[in-house]
Amino acid sequence: MARIEDYALIGDLQSAALVERGGSIDWLCFPRFDSGACFAALLGTPDNGRWLVAPVGGGEPTRRYLHDTMVLETTWKTEEGTVRVFDFMPPRGTAPDVVRIVEGVRGSVRMRSELVIRFDYGRVVPWVRREGDARFAVAGPDALCFRTPAHTRGEDMRTVSDFAIEEGERIPFALTYYPSHEEAPRIDPEIALAETESFWRDWNGRCKVDLVPEWRDLLHRSLMVLKTLIYAPTGGIVAAPTTSLPEWVGSVRNWDYRYCWLRDATLTLLALLQAEHIDEALEWRKWLLRAVAGDPSDLQIMYAVAGERRLTEFELPWLVGYEGSAPVRVGNAASEQLQIDVYGEVMDALYQARTHGLAKESHAWALQKTLLGYLERAWSQPDDGIWEIRGVRQHFVHSKVMAWVAFDRAVRTVEEQGLDGPVDEWRRLRDTIHAEVCERGFDVERGSFVQSYGSKELDASLLMLPLVGFLPAADPRIRGTIKAIEDDLLQDGLVLRYRTHHDGVDGLPPG
C-alpha cells in the first residue's frame, strides 16, 4: 500500500481525488466530498475501486503541479522512452469529471489503464455497457461514463486498456459522474485542461500578498489546497477530503473529516483573508447563516457541505482500513458534542472578515448577538473540548479562553466597527472569564496553564492563548506554558495534542 505522503490531491471545488505516486487514483467520492466513494482502495484493496494509468514496465515517476494550478503532471522515464500523465478535475460546471491525458515525450512507451469502479465505498459492483467510444457503469442512483479513443476491454470486472504512446501523441481519458436516470454529458479533455489552468491562474492572480518568488509559490500552493476544500455551490469548507485515515497505523482513532467544522473553516477563512480572497469569506458567511439558523443552543460544531445537520456515524466492515487500521467510519458522532470554543472562532472569523473589507450585514450581526446571548449562559459549563473527546466533559481551559475571545471580539466590533450591542455587559463577561481562567486554569507548581480546571495535564491548544490575545507572549505565565509543553509534549519535532493514558481524558485507547 502507498504511504499517505505519496498521494497528491486534485479537485473540482465539489469533490476531490487522491492520486498515488505510481499512477493509481485510490480515493474519489462523487458527486460531493461526503458522497459514497467509487474508488476506495485507499482504505481497502484495488478490488474496492481504483483507476491506474501507468507504464507497463513501471519506472520511477517524478511529479509536480503544472504551473500555478491544481493540474498534476507525472513523468516516467523508462527504458522504452519517456511519458507524461496530466491528472485534473475541471472546476465544476454541471457534471463532475476526472480527466487523465497521456502524452508521449520520447520513444514509444507501453501503457496500461485499469479502471475498477465500485460504488458505495467499494462494495457495489455496477452493471457496465458499451456504446461507441464510451462505457457506462450504473448502480442504483449512481452512474459513471468512461470515454477514451484508446481500445478498451472488460476483464475480471474491470475496464482495461493496453496501448503504446508515441512521441508527440496525446491520448485522453475522461471519467464523468451523472445521476443514472439522466444522460451522460460529454467533455472535451483538451479544452477542459486549458480552462482548468486558466481558472487556477486567474484565482492565484487575485492573491495580494507580495513575497519573494520561492515563498510566493509555497503560499499559492497552500492557498490552492484550501480553495480545493471549499464546496463551491454553498461556500462550506470541509476539513479534509478523506475519512478514516488513522492518527497512527493500527489506531482506532479513525474519523470522517469530510464535513464543515466551524473551527477548521474559520482557520481556513483567516488564511484566505490574509491573502485578500474576500469572495470566499462572503460565501462562507452566507453558508454559516443558513447552516446555524435556528435555536442558538442547537449550534453544532460541524455540518455537511450544504448545511445538513444529521451526520450519523457508522462503520464499513468490508473495508480493512488503511494498512489494517480499522474501523472505517462514515459520519461523525462528534457532531452532537458541545464545544464552547467554536463560538469564539466564529466571532473572531467574522470580526476579521469585516476588518479585511467584508461588508457589514445586519442579518449576520443579529446572528452573532443571538449566539452571544446563548454563550452568556453556556460558557461556564463543562464541554467536550477542541479534541472531541469521547469521555467525561471537562472545564477545558482552551474552551474558556475561546469564550473570552467571543466576547472580546464582540466588544471590538462595537468599538472599532460601529455595530450596536450591550457592550458593557460583554466587557463584564470578558473580564469575568479572564479572571477565572487565570485563577482556575493555571497551575502554580507547574508554572503553566493546564488542560482543564484542577488538572496537571498539558494540552497543545494552550499555545493558542497568546495567538488570540488572551495574554501577551512575553507574560511569564505564557512563557512557562510554552516551556512546559516543550518539555512534555514535544516529540520528534512535533507537538502531541496531549498525553494519552489508559485512564485518560478522552475515553479512547492510549497512543
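Residues numbered from 1 in each chain as written. Predicted model: local features only at pLDDT ≥ 70, side-chain atom pairs only at ≥ 80, totals over all residues. Heavy atoms only, no water.

Can you walk me through the overall build of the protein chain in this structure?
Along the protein chain, the regular secondary structure elements total eleven helices and 25 strands. Expected size for 511 residues packed as a compact globule is a radius of gyration near 24 Å; at 25 Å, the protein chain falls within 12% of this value. Each principal axis of the C-alpha atoms in the protein chain carries an extent, and together these give about 75 × 50 × 45 Å. Residues counted as buried form 56% of the 511 residues belonging to the protein chain. Counting contacts in the protein chain only where the partners sit at least 6 residues apart, residues at least 24 apart contribute 63% of the total. Carbon and sulfur atoms make up 52% of the accessible area of the protein chain, which totals about 21400 Å². (Helix = DSSP H or I, 4+ residues; strand = E, 2+ residues; numbered from the N terminus. Rg over C-alpha atoms; globule rule 2.2 N^0.38 Å. Buried < 20%, exposed > 50% of the residue type's maximum accessible area, 1.4 Å probe, protein only. Contact = heavy atoms within 4.5 Å. Areas by Shrake-Rupley, 256 points an atom, 1.4 Å probe, with all protein chains shown as cover.)

Could you clarify how one ought to interpret the layout of surface pockets in this entry?
Empty space left among the atoms is revealed by rolling a probe the size of a water molecule over them. Empty space within the largest pocket amounts to approximately 610 Å³. Around the largest pocket, the lining comprises 24 residues; the ones closest to its centre are Tyr 257, Asp 264, Ile 386, Trp 387 and Arg 497. (1 Å grid on protein atoms, 1.4 Å probe; cavity = no way out; pocket = protein on both sides within 12 Å on 5 of 7 lines; lining within 4 Å. Points joined across faces, edges and corners; volume = space filled by probe spheres on them.)

Mind showing me how you'd approach the pattern of salt bridges here?
Pairs can form between side chains of opposite charge whenever their charged atoms are close. Scanning the entire structure with this criterion turns up 44 salt bridges. For the salt bridge of Lys 286 with Glu 283, the shortest nitrogen-to-oxygen distance reads 3.4 Å. In this pair, Lys 286 and Glu 283 both sit in helix H5 (residues 278-291), three residues apart, roughly one turn of the helix. With a shortest N-O distance of 2.8 Å, Asp 424 and Arg 427 are connected by a salt bridge. Of this pair, Asp 424 and Arg 427 are both found in helix H9 (residues 423-440), three residues apart, which corresponds to roughly one turn of the helix. Since its relative accessible area comes to 57%, Asp 424 is described here as exposed. The exposure class of Arg 427 is partly exposed, given its relative accessible area of 26%. Here the salt bridges do not stand alone but share partners, grouping Asp 47, Arg 50, Arg 112, Glu 114, Arg 153, Glu 155, Arg 158 and Asp 162 into one network. (Salt bridge = Lys/Arg side-chain N within 4 Å of Asp/Glu carboxyl O.)

Honestly, a nonpolar patch on the surface in this entry has me stumped. Any pointers?
A cluster of nonpolar residues, Leu 211, Val 212, Trp 215 and Leu 218, forms a patch on the protein surface that exposes about 400 Å² of accessible area. Note that Val 212 resides in the loop between helix H2 (189-205) and helix H3 (213-228). (Patch = residues over 30% accessible without salt bridge, like charges linked within 9 Å, V, L, I, M, F, W, Y side chains within 5 Å.)

What should I look at first to understand H5 in this one?
Every α-helical turn comprises 3.6 residues, leaving residues that sit three or four positions apart pointing alike. The end-to-end C-alpha distance of H5, which contains 14 residues, comes to 20 Å, matching closely the 20 Å that a straight helix rising 1.5 Å per residue would cover. Glu 280, Ala 281, Trp 284, Arg 285, Trp 287, Leu 288, Leu 289 and Ala 291 are the residues of H5 that are buried. (Expected span 1.5 Å × (residues − 1).)

How should the packing of H5 against helix H6 (residues 341-355) be read in this particular structure?
Helix packing for two helices is described by the angle between their axes and how far apart those axes are. Across the interface, H5 lies against H6 with an axial gap of 11 Å and an inter-helix angle of 140°. Read as a crossing pair, H5 and H6 show a hand that is left-handed. Along the contact surface, H5 presents Trp 284, Arg 285 and Leu 288, while H6 presents Val 346, Ala 349 and Leu 350. (Axes fitted to C-alpha atoms, helices over the stretch in contact; angles between N-to-C directions. Left-handed = near helix turned anticlockwise from the far one by under 90°.)

Explain the packing of helix H8 (residues 397-417) against H9 here, please?
Close contact between H8 and H9 brings their axes to 9 Å; oriented N to C, the two are set at 155°. As summarised for this structure, H8 and H9 are arranged roughly antiparallel, according to the angle between their axes. Crossing handedness for the pair H8 and H9: left-handed. Of H9, the residues touching H8 (which contributes Val 397, Lys 400, Val 401, Ala 403, Trp 404, Phe 407, Asp 408, Ala 410, Val 411, Val 414 and Glu 415) are Val 423, Trp 426, Arg 427, Leu 429, Arg 430, Ile 433, His 434 and Val 437. Looking at the contact of H8 with H9 residue by residue, the class counts come to 13 nonpolar, one polar and five charged. (Parallel < 35°, antiparallel > 145°, perpendicular 65-115°, else oblique. Nonpolar A, V, L, I, M, F, W, Y, C, P; charged D, E, K, R; others polar.)

Is there a simple way to explain the packing of aromatic side chains in this structure?
With the rule as written, the count across this model stands at 14 aromatic pairs. Between the aromatic rings of Phe 33 and Tyr 231, the centroid separation amounts to 6.5 Å while the plane-to-plane angle is 65°, which identifies the pairing as edge-to-face. Placement of Phe 33 in the loop between strand E3 (24-29) and strand E4 (37-39) and of Tyr 231 in strand E16 (residues 230-231) is noted, with a sequence separation of 198 residues between them. Residue Phe 33 is classed as buried on the basis of its relative accessible area of 1%. When its relative accessible area of 8% is taken as the criterion, Tyr 231 is described as buried. Linked through ring pairs, Trp 51, Phe 146, Phe 163 and Phe 173 together constitute an aromatic cluster. The ring of Tyr 231 carries Arg 32 above its face, with NZ or CZ at 5.8 Å from the centroid. Taking NZ or CZ as reference, Arg 100 lies 5.1 Å from the ring centre of Trp 51, over its face. (Phe/Tyr/Trp six-rings, centres within 6.5 Å; stacked < 30°, edge-to-face > 60°. Lys NZ or Arg CZ within 6 Å of the ring centre and 35° of its normal.)

What should I look at first to understand unusual backbone geometry in this one?
Pro 31 follows Phe 30 through a cis peptide bond whose omega is 0°. That bond from Ala 326 to Pro 327 is cis: its omega, 5°, falls within 30 degrees of zero. Phi angles above zero are rare outside glycine, and Asp 156 is one such case at about 55°. Considering the arrangement of structural elements, one finds Asp 156 in the loop between strand E13 (153-154) and strand E14 (159-166). With phi around 60°, Glu 388 is a residue other than glycine that occupies positive phi space. Inspection of the secondary structure assignment puts Glu 388 in the loop between helix H7 (362-378) and H8. Accessibility expressed as a relative area gives 14% for Glu 388, which makes it buried.

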